[in-house]
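Chains, contacts and geometry: an overview
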Amino acid sequence: MRFKNLLIIIFICSVGTRVAAQTWIVPDDQKAVVAPVKFTPDMQKQGEQLYSKNCQSCHGNMGKDNWAKLTPPPGDLAKDKAQKQTDGEIFYRITTGKIPMPEFRNILSEDERWSLIAFMRSFNPKYVQPNPVAKAAFTGRIVTLAMQYSDPMKKVLVTATEQLKDGQKGLASGVEVMLFVKRYFGKMQVGDIKTTNAKGEAAFEFPADLPGNKEGYVELTATVNDPKSVMMTTPANANLAIGVPTDKPSLTATRAWWSTRANAPVWILLTYTLSVLIVWGFIGYIVMSILRIKKLSKGDA
Amino acid sequence: MTMDDNKLTIDKITADLTHHIRINKGFLLWMGFLTVSLLICLYAYSLQLRNGLGVAGIRDFVTWGMYLSNFVFFVAASLIGMLISAVLGLIGMKWLTPITRIAETIAVAFAAVAGLVIVSDMGRPERLAYVFIYGRPQSPILWDVTVITTYFVLSLLLLFLPMIADMAIIHRKVASLPSWLKPIYKTLSLNFTDQPEQNKIISRSIRILLILLIPAALSIHTVTSWLFAVTSRAGWDSTVFGPYFVSGAFVAGSAAVIIAMYFFRKNYKLQDYLTDLHFNNMGKVLATVSLVYLYFNINEFLVPGYKLKRADAVHLQELFAGKDALMFWLVQIGGLILPILFLLFRRFRKPGPVLLISIAVLIGAWFKRYLIVIPTQEHPFLPIQHVPANFMHYSPTLIETLISVAPFILVLIIITLISKFFPVIPLHETAVEKGIDHIKFD
């Protein structure tokens, strides 16, 4: 009897600690989410490629239990612990992430995330996919941006057009637009957010001293500021010769201490080579001398 | 000296210095023990080759563990050849003659194995050649490989050259020589017949080698110190690391030589050649280099200790009063300060006491390398997040320990073979110093 009690206590404690350790809670409405389409072999194939690029470095090969030793442990996604989640839970976790797992909201599209789940489920013979629920048709604004440079105004003009309900295209006013220029790491915003006028236009003053590449080209991107994702938008990209031509050689292009082997400083090359040649020259000389010792005695004998 | 005296003396010296050249039971037992131990260690290495470096305790924080501290120790011990033969020898210290070959043997053994120690830290040892194929001349790693190879060849030549005359004497005069050894000695003697021309070549070659040995030896340990000092890390980021390592190397090497002297004197019955005077003088050498090393130690800890940049503060705190404090103070007091104090007194420079002191110094020297290499890595400037607890603190595994023992066994095998089949004390030089100016080869 006492032994049974002890077992119960151990059981409760172990369940308790497990629950405490598991703090990544998925909201119930997200848990219930199901895929918009039936999983296909093509989706599994796409998922496999996405898995090897985005997931394998931490989760390891499916079913091989060779995941990275991190805290908390990433675990093998073919195993029960991962597989007993609903599709909605997995989708939510891929989308939002939780340190150390990155969020894939902006890295993988929704379709790609579902392909990953299709791939993951292919390792679970017991899995039966719930009936798909197609996404409701999109009813918000569908905006496309275009951009050009106006030389007399010294401004970048971004034009927004939208698809109207009757299928026609019209100029989109009241759209918040941002302009970025590509730099070494990431993008730099040019000016503030502008709202398109009645002609669907937003004008950005372009700084006169912004460095471009050798020919003065800069890479520009215009995007819609839509933090709540209520619109379907297409950004505009352009490569324009409006920057200051700049020819800065890369740090490894010239001879330097920190550079590549081909660009080692002359003084290091000389010092190293000469030292080696001199010392090994003497070693060679001594070896020759040793051989002469032998010759000398032959004449004597 | 009459002709008969001459003959008597050379015969006696030859007999004294070569009577150990025979295969006896003790030798076979000792070599058998070493071979079996080595095989066990090689099995451990085969596990590492198969399963990867994960079998060792090194992880993402401490990537340079016992293997690297072992490497520094081996390079350090090999430096003694330069101090004894080149620095003291070129000054003209005559009492050194019986010790030079011991020092060179130790230098050759440790330098030969140092390269292998580095390989034990490689996950893909078959890519060793990439150091040369893709190495950058700006990188101390390329310099390190170059100077260690060069130093090994120089030491080997310096070991061999004074042996030529010895070989000539042995293969002619030692009757008890095993028959299969005779042709080997004859080949190695290069038909040396003690002609002035031959002696001139040998002494000139030795002189060139001794001069080359000084910059080569200084380079090998300075470059090894740069592997650490060119890295911006607390405890390594130091401009005195070169001389700090070199002086530390002399301490380890001198201790190793004294230990070897003691065992050769006892086992090969060389009391008449390795006298109390030699132990006394080597004790003085050990005390001197230890004092220099102590001086660099004080610099190494006192200067950052006053500035206490944050990473330095953490590092020094761990050494002085934290996790590594016990090892640190044992090494500094037991392996450096107490030996210096004892060695100041003549009675502790007698063979027995100086042997015990040297053993303490040598053990301290190994743990000193451990303290230089490992603790700083446990406190990186940018701590890695979300890793298991065993990534943060280094503790060597059994497999790693066995792999680290293997180089010591190899060194012992090399020293045993060289000292067993060649005179431990230069035969020809000793004879010349005893006033025998010409040895008849007929």
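Since we're looking at a predicted model, the values are computed, not measured.

Attention now moves to the overall build of chain A. For chain A, the count of helices and strands is eight helices and nine strands. Its C-alpha atoms give chain A a radius of gyration of 33 Å, clearly above 19 Å, the size a compact globule of 301 residues would have. Judged by the C-alpha coordinates and their principal axes, chain A covers about 110 × 90 × 40 Å. The 301 residues of chain A split such that 17% are buried. Pairs at least 24 residues apart make up 56% of the contacts formed inside chain A by residues separated by at least 6 positions.

Moving on, we come to the overall build of chain B. Across its full length, chain B carries 17 helices and zero strands. At 23 Å, chain B has a C-alpha radius of gyration in line with the 22 Å of a compact globule built from 442 residues. Structurally, chain B occupies a C-alpha span of about 80 × 50 × 40 Å along its principal axes. Relative to its full complement of 442 residues, chain B shows a buried share of 43%.

This next bit is on the nonpolar core. If you look at the biggest cluster of nonpolar residues, it comprises 124 residues, and the most contacted ones within it are B:Ile80, B:Ile106, B:Phe110, B:Ile164, B:Ala252, B:Val257 and B:Met261. The element best represented in this core is helix H11 (residues 241-267) of chain B, accounting for 15 residues. Listed in part, the 19 residues of the second largest apolar core include A:Val158, A:Ala160, A:Ala202 and A:Ala222.

Next up on the list: the environment of B:Leu356. Considering the arrangement of structural elements, one finds B:Leu356 in helix H15 (residues 351-373). Distance from B:Leu356 to B:Ile259, taken between C-alpha atoms, is 8.4 Å for residues 97 residues apart in sequence.

This paragraph deals with helix H5 (residues 97-120) of chain B. Since one α-helical turn is 3.6 residues long, residues separated by three or four positions face the same way. Residue and element names in this part refer to chain B. The end-to-end C-alpha distance of H5 is 36 Å, a good match for the 34 Å that 24 residues give at a rise of 1.5 Å each. Maximal helix bending in H5 amounts to about 25 degrees, located at Ala114. For H5, the buried fraction is high: 19 of the 24 residues fall into the buried class.

Segmentation of chain A into domains returns domain 1 (25-121) and domain 2 (142-240). Using only C-alpha atoms to locate each centre, domain 1 of chain A and domain 2 of chain A end up separated by 35 Å.

A few words now on the environment of A:Gln163. Residues and elements named next belong to chain A. Relative to the helices and strands, Gln163 resides in strand E2 (residues 155-163). C-alpha separation for the pair Gln163 and Arg105, spaced 58 residues apart in sequence, amounts to 26 Å. Leaving out residues up to four positions away in the same chain, Gln163 has contacts with Ile142 and Lys169.

Let us look at the pairing of strand E7 (residues 218-224) of chain A. All names here are of chain A. Side-chain alternation along E7 places Val218, Leu220, Ala222 and Val224 on a buried face and Glu219, Thr221 and Thr223 on a face that remains uncovered. Note that strand E4 (residues 176-182) and E7 share five bridges and pair antiparallel. The residue of E7 that forms the bridge with Met178 is Thr223.

All names here are of chain A. Pairing is antiparallel across the open sheet formed by four strands, whose spatial order is E5-E4-E7-E9. Pairing within the sheet leaves two strands with one partner each, and these edge strands are strand E5 (187-195) and strand E9 (236-240). Neighbour to neighbour, the strand axes of the sheet diverge by 20 degrees on average, direction disregarded. With five bridges connecting them, E7 and E9 associate as antiparallel partners. Among the inter-strand pairings, Glu219 is bridged to a residue of E9, identified as Asn239.

All names here are of chain B. Packing of helix H3 (residues 66-78) against H15 leaves a shortest axis separation of 8 Å and a crossing angle of 130 degrees. Accordingly, the angle class assigned to the pair H3 and H15 is oblique. The element H3 and its partner H15 pack so that their crossing is right-handed. Contact with H3, carried on its side by Met66, Leu68, Ser69, Val72, Phe73 and Ala76, involves Ala365, Trp366, Arg369, Tyr370, Ile372 and Val373 of H15 and no other residues of that element.

On to unusual backbone geometry, then. All names here are of chain A. Omega for the bond connecting Thr71 with Pro72 falls within 30 degrees of zero, at -10 degrees, which places this linkage in the cis form. Structurally, Pro72 can be placed in the loop between helix H4 (56-59) and helix H5 (80-83). The step from Ile99 to Pro100 runs through a cis peptide bond, and the omega angle for that step is 10 degrees. Considering the arrangement of structural elements, one finds Pro100 in the loop between helix H6 (87-96) and helix H7 (110-121). In the Ramachandran plot, Asp65 falls in the positive-phi region, its phi being about 55 degrees despite a non-glycine side chain. With respect to the helices, strands and loops of the structure, Asp65 is situated in the loop between H4 and H5. By the C-beta count within 10 Å, which is 11 here, Asp65 ends up exposed.

For the rest of this paragraph, the subject is H11(B). In a regular helix each residue adds 1.5 Å, so 27 residues correspond to 39 Å; H11(B) covers 39 Å between its end C-alpha atoms and thus fits that length. Across the 27 residues of H11(B), 20 count as buried, placing the element largely inside the fold.

Right, let's get into the packing of H5(B) against H11(B). Residues and elements named next belong to chain B. At their nearest, the axes of H5 and H11 sit 10 Å apart, and the two run at 120 degrees to each other. Taken together, the axes of H5 and H11 lie oblique to each other. As for the relative orientation of H5 and H11, their crossing is right-handed in sense. Together, Ile99, Ile102, Ala103 and Ile106 of H5 and Gly253, Ala256, Val257, Ala260, Met261 and Phe264 of H11 make up the contact between the two elements.

Right, let's talk about the confidence of the model for chain B for a bit. When pLDDT is averaged across chain B, the result is 91; 97% of the residues are at 70 or more. Confidence estimates for the predicted assembly give a pTM of 0.78 and an ipTM of 0.89.

Residues and elements named next belong to chain A. Model confidence for chain A is summarised by a mean pLDDT of 88, while 91% of its residues fall at 70 or above. Highest mean pLDDT in chain A belongs to E4 (95); lowest belongs to helix H1 (residues 2-21) (55). Low confidence marks residues 16-21, where pLDDT is under 50. Its contacts with residues over four positions away, or in another chain, come to zero contacts.

About the cut-offs
Residues numbered from 1 in each chain as written. Chains lettered and ligands numbered in written order. Predicted model: local features only at pLDDT ≥ 70, side-chain atom pairs only at ≥ 80, totals over all residues. Helix = DSSP H or I, 4+ residues; strand = E, 2+ residues; numbered from the N terminus. Rg over C-alpha atoms; globule rule 2.2 N^0.38 Å. Buried ≥ 20, exposed ≤ 12 C-beta atoms within 10 Å, placed from the backbone. Contact = placed C-beta atoms within 7 Å. Core = buried A, V, L, I, M, F, W, Y, C linked by C-beta atoms within 7 Å. Expected span 1.5 Å × (residues − 1). Bend = angle between axes of the 7 residues up to and from the residue. Domains from an automatic or database assignment. Pairing = 2+ DSSP bridges. Axes fitted to C-alpha atoms, helices over the stretch in contact; angles between N-to-C directions. Parallel < 35°, antiparallel > 145°, perpendicular 65-115°, else oblique. Left-handed = near helix turned anticlockwise from the far one by under 90°. pLDDT = per-residue confidence, 0-100.

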